Amino acid sequence: MKTYLLGLIYSLTFIVSYAQAQSPSSTRFWVSPGIGKATYPSMMIAMAIEPANTKTILSGRFSVNGEWIMHDTPGIRTAEWGLLYGRRLNNILVSAGVSYLSGAARGNYLYTDPNPYLGTGKVYEKINYQTIGIPMEVRYIAALKHVGIGLTAFGNVNTKRSFIGLNVSLYAGKMK
């Protein structure tokens, strides 16, 4: 009986000490501004949360890519609001989801401005559009406890102006 009791105490002590040595996983979250290039120069801000004890990521992103210095009028631009779901594979996050896009495109040529302030002076019809798309991204993040830097390959498949791009981002939040 004494041996059984000592064995039980030893086992419980080992289990408790082993459990305390394991660092419990906690919820991660971050905010990330970035700049890069899609069809045109782009800016992106993203937010994400990774619930404790999972490898899943829920993220939202807002991105704008377009002509910042226009040679012709109107400037081409696309703005995207996306909600993505993905998985963490060590320092790599892979996500896809659904997004709302709006933007402006050039239509038919209208006339040439004889005294343009900048550019060629060519003026085209402005075509505004709105559509739903499928955003995708692969993020590589090198992070410390609360800050990080990363590279994002991103894109969106839609009926109006699909795009792909590459972005450099800074991260702030609970990264580990």
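The structure displayed is predicted, hence computed values, not measured ones.

Cut-offs applied
Residues numbered from 1 in each chain as written. Predicted model: local features only at pLDDT ≥ 70, side-chain atom pairs only at ≥ 80, totals over all residues. Heavy atoms only, no water. Helix = DSSP H or I, 4+ residues; strand = E, 2+ residues; numbered from the N terminus. Buried < 20%, exposed > 50% of the residue type's maximum accessible area, 1.4 Å probe, protein only.

Student: Even after reading the chapter, I still don't get unusual backbone geometry, so can you show me in this structure?
Tutor: As a rule of thumb, non-glycine residues mostly have phi less than zero, and peptide bonds are mostly trans rather than cis. Following Thr73, the chain continues to Pro74 via a peptide bond in cis, the omega torsion being 0°. With respect to the helices and strands, Pro74 occurs in the loop between strand 3 (56-66) and strand 4 (77-89). Positive phi, close to 60°, is recorded for Asn53, a residue that is not glycine. For Asn53, the position within the fold is in the loop between strand 2 (41-50) and strand 3. Given the relative accessible area of 63%, Asn53 is considered exposed. The phi dihedral of Asn90 falls on the positive side, at around 60°, and the residue is not glycine. Mapped onto the elements, Asn90 comes out in the loop between strand 4 and strand 5 (92-112). Taking relative accessible area as the criterion, Asn90 reaches 64% and is therefore assigned exposed.

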